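The chain contents come next:
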Amino acid sequence: MATTSRAYTPAEAAAVSEIAVKSVHNAIDKRIIATRPSTSEGRALTDEDLLRLKLWYGVGSILSAERRKRLFDTIDQHPDANTVRADDYLIVDVARAREQLAARAEALREAEKIIQSVKGVLGGEPVFKGTRVPVRMIAAMKAQGGNTEEIVEGYPSLTGRMVELADIWTAAHPARGRPRKLSDLGLKVKSEKRLRLGNERVPKSLDTPS
């Protein structure tokens, strides 16, 4: 796992382990993982909790209760093991799971260093540092089919890495309430960028803030 340990909220845990937030809460409620109190979010998870989540929804759900318990007990007893035998036929690559989680945890830390919310700037909407570009708007563009190269072309103040990090940051920090429109942020559309989305014949427009 990553060298720097931290406590994760359920939303952050979901973003790093790439499972739904609902599944994280379900795992907590079913005591698949244990949590510690968190003053801000109510539930806090560790790096080892994330490993358990990833394995549970990856291979644990197909195992019997006895084999599942054996798998997690073995991981707890041999935290440095690269592989763990779940049964006579299934060997779990724990090292690979840890590497994937470590990479995404590092990406989340990197994103948090370059994203900020400043009072008086776009109503406090999170933006990339040194810009007025809303992070959630960039993530929405990607979700609608925009690729990194096209987005950077439309927003020269961003780098490709910034655009890539928008996804994991947005997943880890879901917005509350209804989605905000550009007009709510005091932004105006100054140009249109038309993209073909998947197999759709009619391209959609992307808003560009002024």
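Now for a description of the structure that goes with this document.

What counts, and where the lines are drawn
Residues numbered from 1 in each chain as written. Predicted model: local features only at pLDDT ≥ 70, side-chain atom pairs only at ≥ 80, totals over all residues. Heavy atoms only, no water. Salt bridge = Lys/Arg side-chain N within 4 Å of Asp/Glu carboxyl O. Helix = DSSP H or I, 4+ residues; strand = E, 2+ residues; numbered from the N terminus. Buried < 20%, exposed > 50% of the residue type's maximum accessible area, 1.4 Å probe, protein only. Axes fitted to C-alpha atoms, helices over the stretch in contact; angles between N-to-C directions. Parallel < 35°, antiparallel > 145°, perpendicular 65-115°, else oblique. Left-handed = near helix turned anticlockwise from the far one by under 90°. Contact = heavy atoms within 4.5 Å. Nonpolar A, V, L, I, M, F, W, Y, C, P; charged D, E, K, R; others polar.

### So, the pattern of salt bridges
For the structure on display, the rule yields 13 salt bridges. Here Arg70 makes a salt bridge to Glu66, at a shortest N to O gap of 3.6 Å. Placement of both Arg70 and Glu66 in helix α4 (residues 65-77) is noted, with a separation of 4 residues, approximately one turn of the helix. By relative accessible area, which is 37% here, Arg70 ends up partly exposed. One network of salt bridges, in which partners are shared, links Arg6, Glu12 and Glu112.

### Focus: helix α6 (residues 135-143)
The α-helix advances 3.6 residues per turn, and as a result positions three or four apart in sequence lie on the same side. The complete set of buried residues in α6 reads Val135, Arg136, Met137, Ile138, Ala139 and Met141. After α6 finishes, the residue Gly145 shows a positive phi value of roughly 115°.

### Things to note about the packing of helix α1 (residues 10-17) against helix α2 (residues 21-29)
Between α1 and α2, the least distance of the axes is 8 Å, while the angle of their chain directions is 115°. Compared by their axis directions, α1 and α2 come out roughly perpendicular. Every pair of crossing elements has a handedness; the one defined by α1 and α2 is right-handed. For the pair formed by α1 and α2, the contact residues are Pro10, Ala11, Ala13 and Ala14 on the first element and Val21, Val24 and His25 on the second. Across the contact of α1 with α2, the residue classes break down as 6 nonpolar, 1 polar and no charged.

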